[in-house]
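Each chain, letter by letter, is given below.
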Amino acid sequence: WSVAFSPDGAWFAWSQGHCVVKLIPWPLGEAELCKTSERKSRGGKAESRSRGGAKEKTLECGQIVWGLAFSAWPAAEEGDTDPTCALGLPCLVLATGLNDGQIKVWEVQTGHLLFSLLGHQDVVRDLSFAPNGSPILVSASRDKTLRVWDLSRDGRQVQVLVGHVQWVYCCSISPDCSMLCSAAGEKSALLWSMRSYTLIRRLEGHQSSVVSCDFSPDSALLVTASYDACVIMWDPYTGEQLRTLRHVPLHSTLDYSSDIHTSSLRSVCFSPEGLYLATVADDRLLRIWALELRSPVAFAPMTNGLCCIYFPHGGFIATGTRDGHVQFWTAPRVLSSLKHLCRKALRTFLTTYQVLALPIPRKLKEFLTYRTF
């Protein structure tokens, strides 16, 4: 029900729709992938296959697992006696969001449980670590709240964000760690400040429940996906809608009018270089979109898709399904233009307002703020 790659691309994890999470060293051979996905879990912390010193693991979480998120644990301070990071090297941790509202945080290399975070009153639907390597974790729950945790302070709860009136499905922290977007069973997504933990604005434009959101790698764009079969691309700094991607039937001869939710979206994610989007919808298709086009550049048939994520170094997409299976797809590889690389480099530290204040030509401002592609 949830899929995740570690930030360095060395591990892949997925929850299988019950109480187990599989942790697999990446990459695996093609034949090995098939075997792994079909292998039945045997309970305990089974380490059934070794690859380059890393071993496949099964984490027994004790509850149905809904959300997953990786983060590199900060290097140990001098004199720190924490055994998980005794060598002073960054450790990799995996947070799991459970059916009973608990969040369990595991050390990946050993499979040891580091924390059990208590506070949510219902299913923890999604998790997001601050991408800058800080030990800040945000959780989204069916109890209609988001909670902020600091793992460097023994998992202390830092803040409770209240503002949604429906279950919170998704949360995403911007790569520059300045903003947090959350999506619930509402027509609007909420944008929060990660500095003050206050609401910045509501993003209104969808006609049905918003269920997924993701920031571009330079934090300059935000995409939201909804049951209304649309993805909206926003400027998170101004709240402006930049474009809408509509999910229409692949074949016009097919009649989808009998079910309004046939094309309901489940998940959206950016590619690592920020030039593509992947979407999973209930019309049994995985779509890949190029940012500058309004129609998909690739399709793949998949049934019961729930979630999708890009491999951190590009070239692959992982998708999870309702029956607990995971599938891997090749994705278009692209060599970013020098123009896009410059834009990405500038936008990682300049807000839209700062770009608009620069003494440069209007067309250049439009390009840097993604008003033209």
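Everything numeric in this text was worked out from a predicted model, so none of it was measured.

(A) Focus on the overall build of the chain. Within the chain one finds four helices and 29 strands. Sequence separation of at least 24 residues holds for 47% of the intrachain contacts in the chain that already meet a minimum separation of 6. When the accessible surface of the chain is totalled, it reaches about 16,300 Å², and 53% of it is carbon and sulfur.

(B) A look at the packing of aromatic side chains. As enumerated under the stated definition, the model contains eleven aromatic pairs in all. On the numbers, 4.9 Å between centres and 45° between planes, the contact of W26 with F328 is tilted. In this pair, W26 sits in the loop between β3 (20–25) and α1 (30–38) while F328 sits in strand β29 (residues 326–330), placing the two residues 302 residues apart along the sequence. Through pairs of rings, three or more aromatic residues link up here, namely F5, F12, W14, W26, F311, F316 and F328. We note R142 situated over the ring of W66; from NZ or CZ to the ring centre the distance is 4.7 Å. Here the guanidinium or amino end of R142 rests over the ring plane of W167, the centre of that ring lying 4.0 Å away.

(C) Examining the sheet that holds strand β1 (residues 2–5) more closely. Pairing is antiparallel across the open sheet formed by four strands, whose spatial order is β1-β2-β3-β6. Of all the strands in the sheet, just β1 and β6 (57–60) have a single pairing partner and so form its edges. Sheet twist, expressed as the mean angle between neighbouring strand axes with direction ignored, is 15°. Pairing of β3 with β6 involves four bridges; the strand directions are antiparallel. From the neighbouring strand, K22 faces β6, where its bridge partner is T58.

(D) Structural detail: the pairing of strand β2 (residues 11–15). Extensive coverage of β2 is indicated by the burial of five of its five residues. Burial along β2 is two-sided: the face carrying W11, A13 and S15 and the face carrying F12 and W14 are both buried. Two strands pair when backbone bridges link them, and β1 and β2 are joined in this way by four bridges, in the antiparallel orientation. Within β2, the position partnered with F5 by the bridge is F12. Taking the residues that link successive antiparallel strands as the turn, the β1-β2 hairpin has five residues, and the phi of G9 there is positive, at about 75°. The pairing of β2 with β3 spans five bridges and is antiparallel. If you follow F12 over to β3, its bridge partner there is I24. Between β2 and β3, which follow one another and run antiparallel, lie four residues, and G17 among them has a positive phi close to 85°.

(E) Representation of unusual backbone geometry in the model. Across the junction of W26 and P27, the peptide omega takes the value 5°, indicating a cis bond. Mapped onto the elements of the fold, P27 is located in the loop between β3 and α1. Here Y197, not a glycine, exhibits a phi torsion of approximately 55°, which is positive. Mapped onto the secondary structure, Y197 falls in the loop between β17 (188–193) and β18 (199–204). In this structure, N304 is a non-glycine residue whose phi angle is positive, near 60°. In this structure, N304 sits in the loop between β26 (296–301) and β27 (305–310).

(F) Main features of the sheet that holds strand β9 (residues 103–107). With antiparallel pairing, the four strands of this open sheet are ordered in space as β7-β8-β9-β10. The two strands at the open ends of the sheet, each matched to only one other strand, are β7 (65–73) and β10 (112–117). Mean inter-strand twist for the sheet, computed between neighbouring axes without regard to direction, equals 20°. Of the strand pairs in this sheet, β9 and β10 are connected by five bridges, and their pairing is antiparallel. In the strand pairing of β10, K104 is matched with S116.

(G) Representation of the side chain of S71. Looking at where S71 falls in the secondary structure, it is placed in strand β7. Among residues more than four places away in sequence, those in contact with S71 are C91, L92, V93, F129 and S134.

(H) Representation of the UniProt feature "repeat: WD" (unreviewed entry) in the chain in the model. Per the UniProt record, "repeat: WD" (unreviewed entry) is found at residues 94–116, 117–152, 161–202, 203–244 and 258–292. The distance from the first to the last C-alpha atom of residues 94–116 is 12 Å, and the span holds 0% helix and 65% strand. Strand forms 53% of residues 117–152 and helix 0%; the C-alpha atoms that close the span are 13 Å apart.

(I) Local environment of the side chain of T224. Mapped onto the elements, T224 comes out in strand β20 (residues 222–226). A relative accessible area of 0% places T224 in the buried class. Within the structure, T224 has its side chain in polar contact with the side chain of H206 (distance 2.8 Å). Side-chain polar atoms of T224 contact the side chain of W234, separated by 2.8 Å. When sequence neighbours within four positions are dropped, the list of residues in contact with T224 reads A189, H206, V210, S212, C213, C230, V231, I232 and W234.

(J) Expanded view of the nonpolar core. In this structure, V138, L146, L180 and M194 are the most contacted members of the largest nonpolar core, which totals 17 residues. When residues of this core are traced back to their parent elements, those giving at least two are β12 (136–141), β13 (145–150), β15 (168–173), β16 (179–184) and β17. Once you skip the residues sitting within four places of it in the chain, L146 turns out to touch H120, V138, S139, A140, Q159, V160, L161, H164, V168, C171, S182 and W192.

What counts and what doesn't
Residues numbered from 1 in each chain as written. Predicted model: local features only at pLDDT ≥ 70, side-chain atom pairs only at ≥ 80, totals over all residues. Heavy atoms only, no water. Helix = DSSP H or I, 4+ residues; strand = E, 2+ residues; numbered from the N terminus. Contact = heavy atoms within 4.5 Å. Areas by Shrake-Rupley, 256 points an atom, 1.4 Å probe, with all protein chains shown as cover. Phe/Tyr/Trp six-rings, centres within 6.5 Å; stacked < 30°, edge-to-face > 60°. Lys NZ or Arg CZ within 6 Å of the ring centre and 35° of its normal. Pairing = 2+ DSSP bridges. Axes fitted to C-alpha atoms, helices over the stretch in contact; angles between N-to-C directions. Buried < 20%, exposed > 50% of the residue type's maximum accessible area, 1.4 Å probe, protein only. UniProt positions renumbered as here; feature names shortened; annotations may be inferred. Polar contact = N/O pair within 3.5 Å; in protein donor to acceptor, adjacent residues only side chain to side chain. Core = buried A, V, L, I, M, F, W, Y, C linked by side-chain atoms within 4.5 Å.

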